[in-house]
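Now for the letters of each chain:
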Amino acid sequence: MSTVRILTGITTTGTPHLGNYVGAIRPAIAASRETGIEAYLFLADFHALIKNQNPDQVAQSSREIAAAWLALGLDPDQAFFYRQSDIPEITELSWVLSCSAAKGLMNRAHAYKAAVQANEESGEDPDFGVTMGLFSYPILMAADILIFNAHQVPVGRDQIQHVEMARDIAQRFNHHYGDTFTLPEAVVDDQVAVLQGLDGRKMSKSYGNTIPLFGTPKQLQKSINKIKTNLLEPGEPKDADGSTVFQVWCAFTEEAERESMRQAFADGLAWGEAKKLVFERINDELAPARQRYEKLIAQPGEVEAILTEGAERLRLQAGAMLAKVRHAVGLRPYH
Ligand code: TRP
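Residues numbered from 1 in each chain as written. Predicted model: local features only at pLDDT ≥ 70, side-chain atom pairs only at ≥ 80, totals over all residues. Heavy atoms only, no water.

Some thoughts on the overall build of the chain
To be explicit about the condition: By definition, any uninterrupted DSSP run of H or I lasting at least four residues is a helix, any uninterrupted run of E lasting at least two residues is a strand, and each is numbered from the N terminus. A simple rule labels every residue: compare its accessible area, found with a 1.4 Å probe on the protein chains alone, to the largest value its type can have, and call it buried under 20%, exposed over 50%, or partly exposed in between. Contact between two residues is taken to exist if any of their heavy atoms lie within 4.5 Å; hydrogens are not considered. The charged-residue count follows a simple rule in which Lys and Arg add positive charge and Asp and Glu add negative charge, with His and chain termini not counted at all. Where a charge sits is defined by one atom per residue type, namely NZ (Lys), CZ (Arg), CG (Asp) or CD (Glu).
On a plain count of helices and strands, the chain comes out with 13 helices and five strands. Within the chain, buried positions represent 45% of all 335 residues. Within the chain, contacts between residues at least 6 apart in sequence are counted, and of these 79% link residues at least 24 apart. Seen as two clouds, the 33 positive and the 42 negative side-chain charges of the chain have centres 2 Å apart.

Overview of the domain arrangement of the chain
Inclusion rule: What fixes the domain bounds is an automatic or database domain assignment. By convention, the term buried area covers the 1.4 Å-probe accessible surface removed from two parts as they join, with the contributions of both added. Here, a salt bridge means any side-chain nitrogen of Lys or Arg that lies within 4 Å of a carboxyl oxygen of Asp or Glu. Throughout this description, a polar contact denotes any pair of N or O atoms lying within 3.5 Å of each other; where both atoms belong to protein, one of them has to be capable of donating a hydrogen while the other can accept it, and for residues adjacent in sequence the pair is counted only when both atoms sit in side chains.
When the domains of the chain are assigned, the result is domain 1 (4–194 + 300–329) and domain 2 (214–295). A straight line from the C-alpha centre of domain 1 to that of domain 2 covers 33 Å. For the pair domain 1 and domain 2, the summed buried surface comes to about 940 Å²; carbon and sulfur atoms form 63% of the total. One can count one salt bridge joining domain 1 with domain 2. Across the pair Arg26 and Glu285 runs a salt bridge, and its minimum N-O distance is 3.4 Å. Linking domain 1 with domain 2 are five residue pairs in polar contact (both at pLDDT 80 or more), by the criterion used here. Going through the elements one at a time, α1 (18–32) and α3 (55–71) are the ones with two or more residues in the side of domain 1 that touches domain 2.

Considering the environment of Lys202
One can find Lys202 in the loop between β5 (185–187) and α9 (217–225). Exposure remark for Lys202: the relative accessible area of 47% places this residue in the partly exposed category. Along the backbone, Lys202 and Phe128 are 74 residues apart, and their C-alpha atoms lie at a distance of 28 Å.

Description of unusual backbone geometry
Most peptide bonds adopt trans geometry, and most residues besides glycine take a negative phi value. Not every positive phi belongs to a glycine, and Asn149 is a case in point at roughly 50°. Note that Asn149 resides in the loop between α7 (132–146) and β4 (152–154).

Some remarks on α3
The periodicity of an α-helix, 3.6 residues per turn, causes residues three or four places apart in sequence to face the same way. Rules: Helices are assigned an expected span. That span is 1.5 Å times one less than the residue count.
Given a rise of 1.5 Å per residue, 17 residues ought to cover 24 Å, and the 24 Å separating the end C-alpha atoms of α3 matches this to within 8%. What α3 keeps buried is the set Val58, Ser61, Ser62, Glu64, Ile65, Ala66, Ala67, Ala68, Trp69, Leu70 and Ala71. Between the side-chain oxygen at the start of α3 and the backbone nitrogen of Asp56 there is a gap of 3.0 Å, and the oxygen is on Asn54. Of the residues flanking the end of α3, it is Gly73, one or two places downstream, whose phi is positive at about 115°.

Some thoughts on the pattern of salt bridges
With the rule as written, the count across this model stands at 11 salt bridges. For Asp86, the salt bridge identified is with Arg83, shortest N-O distance 2.8 Å. Judged by relative accessible area, Arg83 falls into the buried class, the value being 12%. It is possible to trace a salt-bridge network through shared partners that takes in Arg83, Asp86 and Glu304.

Quick look at the site of the ligand
Basically, it comes down to this: Any residue with at least one heavy atom within 4 Å of a molecule or strand is counted as near it. Here the accessible surface of atoms and residues is derived via Shrake-Rupley with a 1.4 Å probe, and residues count as covered only by protein chains that are part of the display. Under the scheme applied here, ten amino acids are nonpolar (Ala, Val, Leu, Ile, Met, Phe, Trp, Tyr, Cys and Pro), four are charged (Asp, Glu, Lys and Arg), and all others, including Gly, are polar.
Around the ligand there are 14 residues in total, and Gly9, Thr11, Tyr137, Asp144 and Gln159 lie nearest to it. Here a nitrogen atom of the ligand and a side-chain polar atom of Asp144 are 2.7 Å apart. Calculation on the ligand without its partners gives an accessible area of 370 Å², and the protein chains cover 89% of this total. At the level of secondary structure, the elements contributing two or more residues to the shell around the ligand comprise β1 (4–11), β2 (37–44) and α7. The residue makeup of the shell around the ligand, split by class, is eight nonpolar, five polar and one charged.

Here we look at the nonpolar core
Note the cut-off: To form a nonpolar core, buried Ala, Val, Leu, Ile, Met, Phe, Trp, Tyr and Cys residues must be joined to one another through side-chain atoms within 4.5 Å.
Counting residues in hydrophobic clusters, the biggest one holds 54 residues, and the most contacted among them are Leu18, Trp69, Leu72, Phe81, Phe265 and Ile282. Residue-level mapping places this core at the junction of two domains, with at least three residues from each of domain 1 (4–194 + 300–329) and domain 2 (214–295). When neighbours within four sequence positions are excluded, Phe265 is seen to be in contact with Glu236, Pro237, Lys238, Asp239, Ala240, Ser243, Val245, Phe246, Trp271 and Ala274. Formed by 47 residues, the second largest nonpolar core is a distinct cluster that contains Leu93, Leu105, Val130 and Ala311.

Comments concerning the packing of aromatic side chains
Put simply, the rule is: Only Phe, Tyr and Trp rings take part, Trp by its six-membered ring, and two of them pair if their centres are within 6.5 Å. Stacked means planes under 30 degrees apart, edge-to-face means over 60, and tilted covers everything else. For a lysine, the NZ atom is tested; for an arginine, the CZ atom; a charge sits over a ring if that atom is within 6 Å of the ring centre and within 35 degrees of the ring normal.
Counting across every chain of the model gives 11 aromatic pairs. Seen from their ring centres, Tyr21 and Phe252 are 6.1 Å apart, and the 25° between their planes marks the pair as stacked. Taken together, the positions of Tyr21 in helix α1 and Phe252 in the loop between α10 (244–251) and α11 (255–266) put the pair 231 residues apart, joining distant regions of the chain. Overall, Phe252 belongs to the buried group, its relative accessible area being 6%. Look at Phe214 and Tyr293: their rings are 4.2 Å apart centre to centre, the planes differ by 20°, and that puts the pair in the stacked class. In this pair, Phe214 is assigned in the loop between β5 and α9 and Tyr293 in helix α12 (residues 271–298), connecting sequence segments 79 residues apart. Here the guanidinium or amino end of Arg26 rests over the ring plane of Phe252, the centre of that ring lying 5.3 Å away. The positively charged end of Arg201 is found above the aromatic ring belonging to Tyr207, 4.0 Å away from the centroid.

Next up, the structure:
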């Protein structure tokens with residue numbers, strides 16, 4: 001069986017939360033351990049600059065997210081784990097791709113269109129606050145993917161369009177310059193839960209409804225206690241479906257325990273009790289990782305070394321792809 005190359009990027013903004021863990025970190029780490037899979041997991045720190053121009057926050061998020069992935073079990077011997085900004089070949093490729101990617105394609109990107117629409121609605125100039133980075137974001141993302149000939153790109157639904165754009169860009173390049181890139185495919189796992197946040201909407205930093213991954217147990221308990229519920233009293237039957245408390249429980253348990261919790265809800269389990277059980281379960285799962293996380297945060301040199309080595313291991317491969325691309329477009333030595 002031939003190897004499948006799976007690649008995904010993690011934008012280094014914010015502090016890792018439970019939704020990131022359930023929706024991205026946990027499944028990606030599981031995939032990286034499978035045989036027959038070569039996993040490329042990287043910190044998309046150049047992408048982070050589009051969203052955040054505060055240097056200290058940019059630096060801090062990158063450290064925290066790197067430490068979180070390692071603490072949660074990512075084994076750098078089983079996956080390529082690296083920072084985008086440590087592989088300059090990626091940004092070089094991004095420029096070359098910019099020269100053949102259609103501007104019209106970028107005009108259709110959801111993130112860009114949403115920014116323009118928000119400006120129009122508030123009576124601003126349509127381009128207000130829109131950087132070139134935001135506009136050409138999908139091209140950098142295409143370079144991330146194409147430089148390593150990734151076959152599959154596991155992403156959330158909001159990123160499918162970007163992967164399709166990478167495919168379009170690759171196709172156009174191949175057509176014009178000859179077969180160069182593997183055409184990537186987006187993979188969306190419907191089994192992976194989209195975790196609900198404190199207010200019942202999707203857990204997301206932009207909604208301010210997250211449960212941070214690595215606070216103290218007390219902080220975790222406090223966050224869980226804030227999950228919105230209805231006003232049913234202890235003893236009153238509760239419907240598990242639609243309850244965020246139940247949904248979070250399900251993200252950390254197997255079928256049998258889900259069923260017994262469903263029954264306990266029907267039997268009138270108090271919200272406070274249910275939240276306590278959820279807290280204990282999550283805390284048990286996260287406690288060992290929390291310890292590793294604290295250690296890695298205190299010794300950032302270790303994380304730095306892992307990432308630097310991760311990039312070094314890949315630069316030969318990235319350089320070979322870039323040499324091929326340069327030759328294809330006509331940037332060739334004179335001899
Ligand atoms: N745009 C992705 C996100 O916001 C992150 C990302 C950057 C990425 N480069 C990528 C994902 C390449 C997959 C492949 O989630």
